[in-house]
Amino acid sequence: MNSQLRFVQGNEACVEGALYAGLEFFAGYPITPSTEVAEHLSRRLPQRGGKFIQMEDEIASMCAIIGASLTGHKVLTATSGPGFSLMQEALGYAVMTEIPCVIVNVQRGGPSTGIPTHIAQADVNQARWGTHGDHAIIALTASSHQDVFAMTVEAFNMAETYRTPVVLLFDEVVGHMREPLLLPEPGEIPLVERLKTSVREGVDYHPYLPREDGRLPMADFGGVHRYNVTGLYHDMWGFPSDNPKVVHGLIRHLVDKIENHVEQIARYKTFYLEDARTVLVSYGASARTALHVVEGQRKRGQKYGLLELQTLWPFPTEVVAEVCAKAERVIVVEMNMGQICREVQRTVRDPGKVFLANRIDGVLITPTDVRQVLRLIAGQGV
Amino acid sequence: MAVKDYLRERFFPHMWCPGCGHGTVLNGLVHAIEKLGMSKNEIVMVSGIGCSSRISGYVDFHTMHTLHGRALAFATGIKLSKPELNVIVPMGDGDALAIGGNHFIHAARRNIAMTALVMNNRIYGMTGGQYSPLSGYGTIATTAPYTNIDQGFDVAALSMAAGATFVARTTVYHVHEVADLIQQAILHDGFSVVEVLSQCPTYFGRHNRLGGPVEMLQWFKDNTTRIGSKAAAENPELIQRGIFMQADKPEYCTEYDKIVEQAMAAAKA
Ligand SMILES: Cc1ncc(C[n+]2csc(CCOP(=O)(O)OP(=O)(O)O)c2C)c(N)n1
Ligand code: SF4
Ligand SMILES: [Mg+2]
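Residues numbered from 1 in each chain as written. Chains lettered and ligands numbered in written order. Predicted model: local features only at pLDDT ≥ 70, side-chain atom pairs only at ≥ 80, totals over all residues. Heavy atoms only, no water.

(A) Broad picture of the coordination of the magnesium ion (ligand 3). Residue and element names in this part refer to chain B. Within the protein, Asp 93 (OD), Asn 121 (OD1) and Ile 123 (O) serve as the donor atoms for the magnesium ion (ligand 3), at 2.0 to 2.1 Å. Each donor residue of the magnesium ion (ligand 3) belongs to the same chain, with the gaps between them written as D-x27-N-x1-I. Here Asn 121 falls in the buried class, since its relative accessible area comes to 5%. (Donors = N, O, S within 2.8 Å, 3.2 Å for Na, K, Ca; no water. Buried < 20%, exposed > 50% of the residue type's maximum accessible area, 1.4 Å probe, protein only.)

As structure tokens, then:
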């Protein structure tokens, strides 16, 4: 056993996860509360022959990792709200060109510069719809450092599996707090490596012709297959096309390759759900609060349970619907104006039983805050 | 390899207007590469968005058509992750110096080895003739119907100030210079800039009553001169052509290799 127990910040757990997954290239621009990711990687990446570059802004950072991914590398950038806003156009480019990459957004309060050193979870919908045009996206989150590590590895795996950008939506509290992290052994968590084309040199390679299983083997840019990459709608060779059939086929492919795999992409944790009459749904740092509330209620003999979401997008509709079906009440605990609450409401059969327990003042929601909402719902006043 | 082997012939005729100068830049570029005897697999072309950026569709290299203004940022990721590649980045004047101005100066400052080709037609061609940061004071554009009060950049001076280590300028009238300068720029180990004045008869020419492509080419002939020529001394109004700067400075990827060595040694110790 050479597993190591470390006492780290969440942002370091993310770095460890990325390195475990095989990260080779990072480009970024400093911003609180994500900066530690860049700082640690500037030291760690070159130690293993990887590359780190601090770009002139987040737009450039996002573009640079896409370029580096195309040459055959696993890539990452890390930012927070304002930087995530700047990345949106290039994120759409990665969606359109199907270039794997991972983007960490350690959320802080917004809009605008907002509240840089405090927690929020208000970029959930931005992760989903921040870039223009119809598309699908994968966004993952975590509430503990062990899970930050695991979800970071998952993000790289999913980016390669689905040839897509994957957003890791952490939050300031998880990013900055310290707790133990047990580093898994190499090989303990399976890694997905890039699916490379088996087409030999001199044989026509179609970069955008999906195999029967929908996957697109890649060829490293700068290798033996020359092709075109464009953010315009494109044909199977990667050349621009405005043929309605091609356009329709591509947008369907981009959406379907993710929306048809909601089940495979769904990551979540369940606590005391078997007989739960009141179900809390939460994620990220808020889920720690929610679990505290649930365990407290259980001690009092109350049938409370928690569904902790780790995949936010594509929204795991079936899981949520099933978990909530038998519940009398569903309380969504999150640090925004109800971004996931709205998803839950439109997922369950009776939206009237879904309530929001939130906090939007930059302070982590407390068990007392949640219990107060519970009392209000029960008509017991504050 | 014959020049035409560097082209993707199935995409011709090209999309540029008759008389557009951008095709001449393509011509110069493939001649430069042919003279250098480079293999198609070692060249990556990264372009932005604009009429100029469509050049990447016509060459049989590894080609990436990116976002308006961001070509150099994508190219930086490609080059740093695979330094053995030759990276060529053609951009329009708006692409390179308006929306992409920040990436331009920072790529120059880093001195990362790649060749930036600024296809300067002093207008936003693709979007239909709005003024660019290179249009210059007193010109007319669809967004400057009275007159343009924006001052222009001097691309060569800007590039040098930003830290580019090879800086040259010519025009599409001077076809051989285009090929020659691009050739030298590709060979240069550092960030190289070649500004090629190109004509957009459709918008810049028409709005500014400069005549057709022939008259615009004649204008390039009459209004430019070689750096250090007698004509330049006599008439400072003339635009100078040639190599403004060619310097040796540590190249970014080479420097990063040293960081890797240092970090690996420190990790072992
Ligand atoms: C973010 C963004 N803003 C605006 C545009 C619209 N746009 C496309 S090309 C272009 C300007 C092209 O001018 P230039 O770069 O000089 O190239 P030219 O067409 O003249 O060769 C603009 C504004 C865009 N594609 N993306
Ligand atoms: S609009 Fe101008 S720049 Fe664009 S193709 Fe036509 S002539 Fe060339
Ligand atoms: Mg232009």
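(B) View of the sheet that holds strand E12 (residues 278-282) of chain A. Residues and elements named next belong to chain A. Spatially, the five strands line up as an open sheet ordered E11-E13-E12-E15-E16, and their pairing is mixed. Edge positions in the sheet fall to strand E11 (268-271) and strand E16 (354-358), since each of these pairs with one other strand and no more. Taken over all neighbouring pairs, the strand axes of this sheet differ in orientation by 20 degrees on average, direction set aside. Two strands pair when backbone bridges link them, and strand E15 (residues 329-334) and E16 are joined in this way by five bridges, in the parallel orientation. For Val 332, the partnering residue across the bridge sits in E16 and is Leu 356. Lying over the sheet, helix H10 (residues 284-299) contacts E11, E12, strand E13 (304-309) and E15, oriented at roughly 165 degrees with respect to E13. (Pairing = 2+ DSSP bridges. Helix = DSSP H or I, 4+ residues; strand = E, 2+ residues; numbered from the N terminus. Axes fitted to C-alpha atoms, helices over the stretch in contact; angles between N-to-C directions. Contact = heavy atoms within 4.5 Å.)

(C) The site of ligand 1, seen in detail. In the vicinity of ligand 1 lie 18 residues, with Cys 51, Ser 52, Asp 93, Asp 95 and Gly 125 of chain B positioned nearest. Residues near ligand 1 are shared among chains A and B, making this a multi-chain site. One of the side-chain N or O atoms of Ser 52 of chain B is found 2.8 Å from an oxygen atom in ligand 1. About the coverage of ligand 1: the protein hides 77% of its 590 Å² of free accessible area. Top element by residues in the shell around ligand 1 is helix H3 (residues 93-99) of chain B. It accounts for four residues. Split by residue class, the shell around ligand 1 holds six nonpolar, nine polar and three charged. (Near = heavy atom within 4 Å. Polar contact = N/O pair within 3.5 Å; in protein donor to acceptor, adjacent residues only side chain to side chain. Areas by Shrake-Rupley, 256 points an atom, 1.4 Å probe, with all protein chains shown as cover. Nonpolar A, V, L, I, M, F, W, Y, C, P; charged D, E, K, R; others polar.)

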